[in-house]
Amino acid sequence: MATTAQLFEEPFDADEYIERLAWRTPGGGSKGGAEAFDPKRLLDEFKCHIEELKQLDEKIQRKVEKLEQQCHREAKEFAHKVQDLQRSNQVAFQHFQELDEHISYVATKVCHLGDQLEGVNTPRQRAVEAQRLMTYFNEFLDGDLRSDVFNNPDKIKEAADIIQKLHLIAQELPFDRFADVKAKIASKYHDLERQLIQEFTAAQRRGEIGRMREVAAVLLHFKGYAHCVDVYIKQCQDGAYIRNDVFEDTAALCQRVNKQVGEVFSSPETVMAKLIQNIFENKLQAHVREKLDGTRHSDVEQYLRNLYDLYTRTTALATKLTEFNLGSDKHTFLSKLIKSIFSSYLESYIDIEREYLRTRGAMILQRYYDSKNHQKRSVGTGSIQELKERIRQRTNLTLGPSIDTHGETFLSPELVVNLLQETRHAFERCHKLSDPSDLPKNAFSIFLLLVEHLCVEHIDYALEIGLAAIPSSDAKNANLYFLDVVQQANSIFHLFDKQFNDQLMPLISSSPKLAECLHKKKEVIEQMEVKLDTGIDRTLNCMVGQMKHILTTEQKKTDFRPEDENNVMIQYTTACSKVCAYVSRQVDHVRKSMDGKNVDTVLTELGIRFHRLIHEHLQQFSYSSMGGMLAICDVAEYRRCAKDFRVPLVLQLFDTLHALCNLLVVAPDNLKQVCSGEHLTNLDRNLLHAFVQLRVDYRSARLGRHFS
């Protein structure tokens, strides 16, 4: 059995168990060994081992049954013990209830006895107190204060308690019979009150917080308690304002006093509120008047700056003071104090702000035009001016003489920055100083002034001058400065739009004024865009007119019908070269002057007009074979120039024109094939025929039959 027990090792594995049993049996190993494999011997060993396992199982089963019986027996014993404990607990609980009822009964008796004792003792104490007060009252009646309590300075607290009670009693006595004694009591009352206040003041100077607390507690029942608080507040401020910054001094003073009043007074929040009220109504109000009243009429700019700074710092100070206990509604309390100081200034603020911005904006504008030695022209708005503008937009005619601005755009980034800076400060002041209900309206009025000065008086005026300075389309060697005006106007308007979004929108976003602002902004944009579009259109006409002038003066009829067909050495004509150079300069100018999609829009329009001009120009000549080749070279150069536009439509137009020029040189038999090519197949047959008619051999080669 010992051997069997050794075979039961943890963790148990049946296969491993059989293997170890076989290995231990002589002749039972599967891999051979000292003895050869003997199955009979192994079988006998297995049978013997099985018997041993049965005996082991029976033994273990008997042990298990024995343990189960023992467990059942102990469970019954434990159940009996639990029942005994429950019965004991029930008995103890009953005893506890009886004891609790007994204690409650005794407590009731004790309370009843206490009430009876108090009912007997309270009248007795009152009688004793009344007797004591009557004794002191008799002394006042006799006019001889013999008691030590009235003559000993160390007993001033006890004397104050007595005299305060006597003073209350004296108030109820008839005046005609007790006038003299009432006067004596009142005199002593005021004398003690004065002594207590003096003692409180002396203790405050010495920094004796404990003594201050004792005296304040005694004075609490006197009429002079408020005077004691006033003296404390006045003495707290002595030497507190030694710097030039009244706001920092006030914050430091309140921080220091806040801890002290909690240790001295029974209602510190009332004392702190009274201290802050005293500071606001005296120190701060005097400081504000000193700063504002002197500049209100003499220097409006400085007045507005001071008002904004003082109001901002006062509200910041009030925010700091909310950390202290000032009562239940400290925010309303502080708001009323601020209003009491600034109400007279805030009522007239927006009128002063608007007048300052109006004057300041006009001065900035005038200073700029004076620096340019420019006298502002009167821009008409009547019916005649509107009629002229409408005719000019529809016909591109120049009505009236052109103005020579000598390249001046009359747009100043410095002026714009100054106007926007002034307006930004105005918006900041408006946000801080306006009543919340008036804020959107006030902000809108400031915005209108910005529109007037920046958009109307400056940008719109510059556009009017720029439009008047654009030469006619047939002018020679004209300088086109309007694109520079466009560039600067766009840059300025981006700054205007940024201030609109950053400064104005937060002030009006949740009010009905938002719609008015957006409408006004849209109206301004549309008015400027009309003038910009008109100016750009007329500028493009001038560009095309300049190209036309170059072609007219530089292009000769012999260019495309050379006298010596075999001796043409040029790659393209002089007119083509000059036109391409001019166009390249204008394309660069447009790219520098525009941004975003406007670049593609303007270049597309310029490219279309450029193509139309070249197309019409080529139809004015007749072409020999070599002349046609030269025309193709010119168009190829124009097409290379058109690539600078980076507009697919323009490049496509010149590709088509290049294909049309091939009709000038193609062999007559190949005309139909060329006309059905990629670029020409969708064109009108009359257009193709018109180009073929430009060939000098049109009639001799009977080319017209190909289009019949």
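Use the structure listed above.
Residues numbered from 1 in each chain as written. Predicted model: local features only at pLDDT ≥ 70, side-chain atom pairs only at ≥ 80, totals over all residues. Heavy atoms only, no water.

A. Expanded view of empty space enclosed by the protein. As enumerated under the stated definition, the model contains one cavity of 30 Å³ or more in all. For the largest cavity, the calculated volume is near 80 Å³. Considering the residues around the largest cavity, the lining is formed by Leu357, Arg360, Gly361, Leu419, Glu422, Thr423, Leu449, Leu450, His453 and Leu454. For the lining of the largest cavity, the secondary-structure elements that each account for two or more residues are helix H13 (349–371), helix H15 (413–433) and helix H16 (439–469). With four residues, the top contributor of residues to the lining of the largest cavity is H16. Residues that form the lining of the largest cavity fall into these classes: five nonpolar, three polar and two charged. (1 Å grid on protein atoms, 1.4 Å probe; cavity = no way out; pocket = protein on both sides within 12 Å on 5 of 7 lines; lining within 4 Å. Points joined across faces, edges and corners; volume = space filled by probe spheres on them. Helix = DSSP H or I, 4+ residues; strand = E, 2+ residues; numbered from the N terminus. Nonpolar A, V, L, I, M, F, W, Y, C, P; charged D, E, K, R; others polar.)

B. Representation of H13 within the structure. Compared with the 33 Å implied by 1.5 Å per residue over 23 residues, the 33 Å span of H13 between its first and last C-alpha is a close match. Those residues of H13 that are buried are in contact with helix H11 (300–321), helix H12 (330–347), H15 and H16. (Expected span 1.5 Å × (residues − 1). Contact = heavy atoms within 4.5 Å.)

C. Structural view of the pattern of salt bridges. Per the counting criterion, the structure on display carries 29 salt bridges. A salt bridge links Glu214 to Arg211; the shortest N-O distance between them is 3.2 Å. Pair noted here: Glu214 and Arg211 are both in helix H7 (residues 209–219), with a separation of three residues, about one helical turn. Glu214 sits in the partly exposed class, given a relative accessible area of 41%. For Glu637, the salt bridge goes to Arg640, with nearest N and O atoms at 2.6 Å. Separated by three residues within a single helix, Glu637 and Arg640 lie in helix H21 (residues 625–643), roughly one turn from each other. The buried category is assigned to Glu637, whose relative accessible area is 13%. (Salt bridge = Lys/Arg side-chain N within 4 Å of Asp/Glu carboxyl O. Buried < 20%, exposed > 50% of the residue type's maximum accessible area, 1.4 Å probe, protein only.)

D. Quick peek at the environment of Asp588. Along the chain, the position of Asp588 falls in helix H19 (residues 574–593). Remark: the alpha-carbon pair of Asp588 and Phe645, spanning 57 residues in sequence, is separated by 9.2 Å.

E. Representation of the packing of helix H9 (residues 246–264) against H11 within the structure. As a packed pair, H9 and H11 sit with axes 10 Å apart at the nearest point and diverge in direction by 10 degrees. When the interaxial angle is binned, H9 and H11 end up roughly parallel. Every residue of H11 that contacts H9 at Phe247, Glu248, Thr250, Ala251 and Cys254 is listed here: Leu310, Arg313, Thr314, Leu317, Lys320 and Leu321. Split into classes, the residues belonging to the contact of H9 with H11 amount to six nonpolar, two polar and three charged. (Axes fitted to C-alpha atoms, helices over the stretch in contact; angles between N-to-C directions. Parallel < 35°, antiparallel > 145°, perpendicular 65-115°, else oblique.)

F. The arrangement of H7 in detail. Among the residues of H7, Met212, Val215, Ala216, Val218 and Leu219 are the ones counted as buried. For H7, the angular spread of buried residues about the axis comes to 160 degrees, placing them on one side. (Arc of directions from axis to C-beta.)

G. Broad picture of the packing of aromatic side chains. This model, assessed by the stated rule, comprises 14 aromatic pairs. Ring geometry for Tyr232 against Phe265: centres 5.1 Å apart, planes inclined by 70 degrees, an arrangement best described as edge-to-face. Residue Tyr232 is located in helix H8 (residues 225–237), and its partner Phe265 is located in the loop between H9 and helix H10 (268–293); the two are separated by 33 residues in the primary sequence. Residue Tyr232 is classed as buried on the basis of its relative accessible area, which comes to 1%. (Phe/Tyr/Trp six-rings, centres within 6.5 Å; stacked < 30°, edge-to-face > 60°.)

Keep in mind that these numbers describe shape and distance, not what the molecule does.
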